[in-house]
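Architecture and fold: a report
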Amino acid sequence: MKRWKWLKRIIALSALLLVAVLATGFGVNVYMIESTRADIRYSAKAYGGTLPAAEQAELSGFNADCILVLGCGIKDDETPTDMLRDRLETGIMLYRSGVAPKILLTGDNGTNQHNEIHVMLNYCLDRGVPPEDVFCDHAGFSTRESMVRARDIFGVRTALVVTQTYHEYRALYLGRELGLTVYGTASDQEEYLGQLVREVREVLARDKAFFQIKTGNDRAVGGEPIPITGDGRVSHGE
């Protein structure tokens, strides 16, 4: 009987712990979304590739140092995924509209077989963005690391962050908590294959980001300063 009572207590405590964990995770997600929602100022889907004058004036008023385009995978060594293509197109649209003088591309360049930055840079250059206005962060291995390096390596203080809506909440939260002034332009253009899986993973990623920040984790690969106010070609690599 005593063993059975202890077993019931363990089951009850385990159930309470599970409920607490789920409630905490849910609360973190709600907080992160609601605290950043107002800073996602515009959605590129509504523009049709051209930024209206009123929106252009408001975004220009932020005096952003750069348009920060976050990487999200490539199909091969010359082709971005559909999601990354839409991010790049949105970033280029913002640049052409004059809302910020530079574009900062950040992504995973961890192996020769997966070089997001090579693809992202060539995409921008092929569409006529001057090379001196495009900066490359080759060690943006995660959203958090991208924000840390934007601050510490490139000297960014204010940025317009370009990514899909579901990802904007975490990106803006991290940027803000790391001391940046950040606003978002959502790059959604279509319904992306596998989005449900990404949404589920993002719930866990938001929880992870929250606890990383609260425990003071702002580590990222270091390096020599590359001021965003300078010539982007020094960051392109070979």
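Whatever comes next refers back to the structure up there.
Conventions and cut-offs
- Residues numbered from 1 in each chain as written.
- Predicted model: local features only at pLDDT ≥ 70, side-chain atom pairs only at ≥ 80, totals over all residues.
- Heavy atoms only, no water.
- Salt bridge = Lys/Arg side-chain N within 4 Å of Asp/Glu carboxyl O.
- Helix = DSSP H or I, 4+ residues; strand = E, 2+ residues; numbered from the N terminus.
- Core = buried A, V, L, I, M, F, W, Y, C linked by side-chain atoms within 4.5 Å.
- Buried < 20%, exposed > 50% of the residue type's maximum accessible area, 1.4 Å probe, protein only.
- Contact = heavy atoms within 4.5 Å.
- Pairing = 2+ DSSP bridges.
- 1 Å grid on protein atoms, 1.4 Å probe; cavity = no way out; pocket = protein on both sides within 12 Å on 5 of 7 lines; lining within 4 Å.
- Points joined across faces, edges and corners; volume = space filled by probe spheres on them.
- Nonpolar A, V, L, I, M, F, W, Y, C, P; charged D, E, K, R; others polar.
- Axes fitted to C-alpha atoms, helices over the stretch in contact; angles between N-to-C directions.

Description of the pattern of salt bridges
Opposite charge on two side chains makes pairing possible when the charged atoms of those side chains draw close. If you walk through the whole model with that rule in mind, you get 16 salt bridges. Between E177 and K214 there is a salt bridge, with the nearest N and O atoms lying 3.9 Å from each other. Here the residue E177 occupies a position in helix 6 (residues 165-177), and K214 occupies one in helix 7 (residues 195-214), the gap between them amounting to 37 residues. Through salt bridges that share partners, K75, D82, R85, D86 and E190 make up one connected network.

Brief notes about the nonpolar core
Within the largest apolar cluster, 32 residues are counted, with the highest numbers of intra-cluster contacts made by L59, I67, V69, L88, L94 and L105. Mapped by element, the contributors of at least two residues to this core are strand 2 (66-70), helix 3 (82-96), strand 5 (103-106), helix 4 (116-126), strand 6 (134-137) and strand 7 (158-163). Dropping the residues within four chain positions of it, L94 is found in contact with L51, L59, I67, V99, V162 and T185. The next biggest cluster of nonpolar side chains, apart from the first, holds 31 residues, and it includes I33, L70, A150 and I213.

A short note on the pairing of strand 6
Burial of strand 6 is two-sided: the residues V134 and C136 facing one way and the residues F135 and D137 facing the other way are all buried. Here four bridges tie strand 5 to strand 6, and the two strands are oriented parallel to one another. Its bridge partner being in strand 6, T106 is matched across the sheet by D137.

Observations concerning the layout of surface pockets
When its volume is computed, the largest pocket comes out at roughly 840 Å³. Around the largest pocket, the lining comprises 34 residues; the ones closest to its centre are T143, Y166, H167, R170 and R201. Put simply, the parts of the chain that give the lining of the largest pocket at least two residues each are helix 3, helix 5 (143-152), helix 6 and helix 7. What lines the second largest pocket is simply A44, G48, G49, D86, E89, T90, I92, M93, R96 and Q189. Split by residue class, the lining of the second largest pocket holds three nonpolar, four polar and three charged.

So, the sheet that holds strand 2
Pairing within the open sheet is parallel, and its six strands lie in the order 1-8-7-2-5-6. The open sheet has two edge strands with one neighbour each: strand 1 (40-43) and strand 6. Recorded for the sheet is a direction-independent mean angle of 25 degrees between the axes of neighbouring strands. Of the pairings in the sheet, the one linking strand 2 to strand 7 comprises four bridges and is parallel in character. Bridge assignment links L68 to a residue of strand 7, and that residue is V161. Contacting strand 1, strand 7 and strand 8 (181-186), helix 2 (residues 53-60) crosses the sheet at an angle of about 150 degrees to strand 1.

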